[in-house]
Amino acid sequence: YSMWDEAWDDDALHAPESSEGSGKASKAGEEPSSPATAALLAAARLRQAADAGVERRHVIFVRHAQPAPADAEPSKKGKAEKAPKVLSPEGRKQATLTGQRLRQLFDEVSTVYHSGSPEAKATAEIIRKCLSSEGAPPPSVVETALLAEGVPG
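Quick summary incoming for the structure in this document. Predicted model, so just to flag it, every value in this text is computed and none were measured.

1. Some remarks on the overall build of the protein chain
What the protein chain contains, in helices and strands, is four helices and two strands. From first element to last, N terminus to C terminus, the protein chain shows the α and β order α-α-α-β-α-β. Expressed as a percentage of contacts within the protein chain between residues at least 6 apart in sequence, the contacts between residues at least 24 apart total 61%. Accessible surface, the protein chain as shown: approximately 12,100 Å² in total, 54% of it carbon and sulfur.

2. Some thoughts on helix α2 (residues 35–49)
Given a rise of 1.5 Å per residue, 15 residues ought to cover 21 Å, and the 21 Å separating the end C-alpha atoms of α2 matches this to within 8%. The set of residues buried in α2 consists of Thr 37, Leu 41 and Ala 44. End-on, the buried residues of α2 take up no more than an arc of 60 degrees, which puts them together on one face. Summarising the geometry of α2, the exposed residues directed more than 90 degrees from the buried face are Pro 35, Ala 36, Leu 46, Arg 47 and Ala 49.

3. Comments concerning the pattern of salt bridges
Counted by the stated rule, this structure contains one salt bridge. Two residues, Glu 149 and Arg 63, come together in a salt bridge whose shortest N-O distance is 3.2 Å. Taken together, the positions of Glu 149 in the segment after β2 (140–143) and Arg 63 in the loop between α2 and α3 (89–105) put the pair 86 residues apart, joining distant regions of the chain. Here the two residues Glu 149 and Arg 63 agree in accessibility, since each one is exposed.

4. Digging into the nonpolar core
Grouped together as the largest cluster of nonpolar side chains are six residues: Leu 102, Phe 106, Val 112, Ala 124, Ile 127 and Leu 131. Considering every element that reaches this core, the biggest residue donor is helix α4 (residues 118–131), with three residues. Non-local contacts of Ala 124, meaning those with residues more than four positions away in its chain, are made with Val 112, His 114 and Val 141.

Rules of the game
- Residues numbered from 1 in each chain as written.
- Predicted model: local features only at pLDDT ≥ 70, side-chain atom pairs only at ≥ 80, totals over all residues.
- Heavy atoms only, no water.
- Helix = DSSP H or I, 4+ residues; strand = E, 2+ residues; numbered from the N terminus.
- Contact = heavy atoms within 4.5 Å.
- Areas by Shrake-Rupley, 256 points an atom, 1.4 Å probe, with all protein chains shown as cover.
- Expected span 1.5 Å × (residues − 1).
- Buried < 20%, exposed > 50% of the residue type's maximum accessible area, 1.4 Å probe, protein only.
- Arc of directions from axis to C-beta.
- Salt bridge = Lys/Arg side-chain N within 4 Å of Asp/Glu carboxyl O.
- Core = buried A, V, L, I, M, F, W, Y, C linked by side-chain atoms within 4.5 Å.

No statement about biological role is implied by the geometric values presented.
Right, here's the structure in full:
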């Protein structure tokens, strides 16, 4: 297997265009080399023409981390003393590593949405802690029924 090429679309996106704005490559007026290249060029032009006041938004979906077994020991921390652990030790590690990776990828995260399941809430809280940075407000955590598992009713 080869390594992922972060610049996989650079050649297509940075190909010079003709001065007529026809969307054709400027190399002797030839068409893009493939339908995929043509689609990349069209998407790049649409992004460039988009309203400059609209900023880029990323929506990342993360499934909750590994839940604790049903017979897990009660947690011994603070208010949750009698509540069962929601995530297994492996699940807490998964959520932490996911949060750390998201922190590397994104300078700012404003909101972490999660479904109503206890596992999703616990995962979102761990990710939120990882995304918090000094000097900036931590991301808000919002529960939404739109992310509930199951078939829509």
